[in-house]
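Structural characterization, general
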Amino acid sequence: MGQYWQVVAPGREQQLTTLLWGKLGCIFPGGYAGHYLQQQLMVPLHKQKYVLNGKQHAEETTEYAEMRGANIKSKLRHLMANVEAIAAAEENTAENAENVTQVQGDPSLIGELFDHIWLHEKDICIGGFFDIEDIPALVELLFDELLGTWVDQSIVCVGDYQDTLPPGFQSESETLYDEEYAEVLSLESCAETFLKSLEHHCPKKAESFRQEYTRLFEKHFPSDQKHVLVNLDRREYVLGQNDFSRRDLKEARDRSVCSLGDAAMTRICWSQDPSVSMDYQSWDLVEGQWACHRFAIVSVSVFNSNINRDRDWKDVSSEVYEVLDEVWKADGYEQG
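This section reports on the structure supplied with the text. Bear in mind that the values here come from a model prediction, so they are computed numbers and not experimental data. (Residues numbered from 1 in each chain as written. Predicted model: local features only at pLDDT ≥ 70, side-chain atom pairs only at ≥ 80, totals over all residues. Heavy atoms only, no water.)

What to know about unusual backbone geometry
Phi is mostly negative for residues that are not glycine, and the peptide bonds are mostly trans. The residue Asp-152 is not glycine, and still its phi comes out positive at about 75°. Relative to the helices and strands, Asp-152 resides in the loop between helix H8 (135-146) and strand S3 (156-159). In this structure Asp-152 comes out as partly exposed when scored by relative accessible area, which is 28%. Even without being a glycine, Arg-235 presents a positive backbone phi close to 55°. Within the secondary structure, Arg-235 is located in the loop between strand S5 (227-231) and strand S6 (236-239). (Helix = DSSP H or I, 4+ residues; strand = E, 2+ residues; numbered from the N terminus. Buried < 20%, exposed > 50% of the residue type's maximum accessible area, 1.4 Å probe, protein only.)

If you want it as structure tokens, here you go:
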């Protein structure tokens, strides 16, 4: 059957969506896994300098906290009680109960809401629980809690034929491949589901939600600035060649454009078998030198102003993009 791969954060026992679990040739070329991995490594602007200085949490008050953050969470809990009642009413068959079990995985309030709304988006009116003035704070909460959740975590794209651990990585388990890992929730997936629910019942609030998402994306990741993927363990970095895709939830993703998530994918794969199910073949790919390292994506300006210049930071952009170009071309994509 060939080797299957999954992108995981072993320390958190999480994986990207199971839709990105399969042959490497299906999840890597075209940026499928890289797009979702990128969101787990993107650091909101107010947290970037703290991540680069070895701190996990910003010491500044975020915008959503100033904009009735406590009130938004109270309304989310009220919404949760409502959706649980709807779900319970529809779980009278074994099929519905099985569906709920399959999508659950994120223990957070937002994660649990996403699980239910994803199944019942036409039946749940999110807009009935929020005034239009609440929308900016709601979207800011999603950005603050769902972006960069894998920053400072060891990340690997592991094949199920793996039988040794990456150099320097310690684990009680002999394998990093685990189908039971919970799915990590991405900002984009959550925001899309919330938006669709709003569109069914509250078009004006839906448009406000969409516009606020685009505004906050621009605030945290300005389109007039370059961004950089930083390997926090090796002190190596890759400069972004393209702007982030899907700043607007209504935009389609351009699969010809390589992202910084794709850049990470070129060096985080790990297995002792070369089976990748794609035309590009290389042992350097399947025994990636960045497997189980820690990463972050920040703006170049923040990176330049916060890294310790006494340290030997290395730009590996050219080597990484050379591999990406070969992978994309070998599997029928031309970089945009």
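Considering the state of the cysteines
One pass over the full model with this rule turns up zero disulfides. Of all cysteine sulfurs, the one in Cys-269 lies closest to Cys-157, which takes part in no disulfide; the gap is 4.0 Å. (Disulfide = S-S within 2.5 Å.)

Overview of the nonpolar core
Leu-24, Leu-37, Phe-209 and Leu-229 are the most contacted members of the largest nonpolar core, which totals 76 residues. Ranked by the residues each element gives to this core, the list is headed by H8, at eight residues. Beyond its immediate chain neighbours, meaning those up to four positions away, Leu-37 contacts Val-7, Leu-16, Trp-150, Ile-155, Gly-261, Ala-264, Met-265 and Ile-268. Counting 15 residues, the second-largest nonpolar core is a separate cluster that includes Val-43, Val-51, Leu-52 and Val-298. (Core = buried A, V, L, I, M, F, W, Y, C linked by side-chain atoms within 4.5 Å. Contact = heavy atoms within 4.5 Å.)

Comments concerning the sheet that holds strand S2 (residues 14-15)
Adjacent strands of a sheet form backbone hydrogen bonds with each other and so pair up, either parallel or antiparallel. Read across the open sheet, the five strands follow the order S4-S2-S1-S3-S7; overall the sheet is mixed. Edge positions in the sheet fall to strand S4 (182-183) and strand S7 (269-270), since each has one partner strand and no second. Bridge count between strand S1 (residues 5-9) and S3: four bridges; the pairing is antiparallel. Each residue of the ladder has a partner; that of Val-8, found in S3, is Val-156. (Pairing = 2+ DSSP bridges.)

As for the pattern of salt bridges
Taken as a whole and judged by the stated rule, the model has 18 salt bridges. Between Arg-246 and Glu-188 there is a salt bridge; the shortest N-O distance is 3.0 Å. Highlighted residues: Arg-246 in the loop between S6 and helix H11 (260-268) and Glu-188 in helix H9 (residues 187-201), separated in sequence by 58 residues. Owing to a relative accessible area of 3%, Glu-188 belongs among the buried residues under this scheme. When the shortest N-O distance is used, the salt bridge between Asp-233 and Arg-294 registers 2.8 Å. One end of the pair, Asp-233, is in the loop between S5 and S6; the other, Arg-294, is in the loop between helix H12 (283-286) and strand S8 (295-299), and 61 residues separate them in sequence. Given a relative accessible area of 35%, Asp-233 falls into the partly exposed group. Given a relative accessible area of 24%, Arg-294 falls into the partly exposed group. Connected through shared salt-bridge partners, Arg-234, Glu-236, Arg-267 and Glu-319 make up one network. (Salt bridge = Lys/Arg side-chain N within 4 Å of Asp/Glu carboxyl O.)

Details of the packing of aromatic side chains
Using the criterion set out here, one finds 10 aromatic pairs in the structure. Both rings, one in Tyr-213 and one in Phe-217, keep their centres 6.1 Å apart while their planes meet at 50°; by these two values the pair is tilted. Pair noted here: Tyr-213 and Phe-217 are both in helix H10 (residues 203-220), with a separation of four residues, about one helical turn. Summarising the burial analysis for this pair, Tyr-213 and Phe-217 share the class buried. Between Tyr-237 and Phe-303, the aromatic rings sit 5.0 Å apart at their centres with planes inclined by 55°, giving tilted as the arrangement. Linking Tyr-237 in strand S6 with Phe-303 in helix H13 (residues 300-306), this pair joins segments that are 66 residues apart in sequence. Here Tyr-237 and Phe-303 have matching classes, each one buried. (Phe/Tyr/Trp six-rings, centres within 6.5 Å; stacked < 30°, edge-to-face > 60°.)

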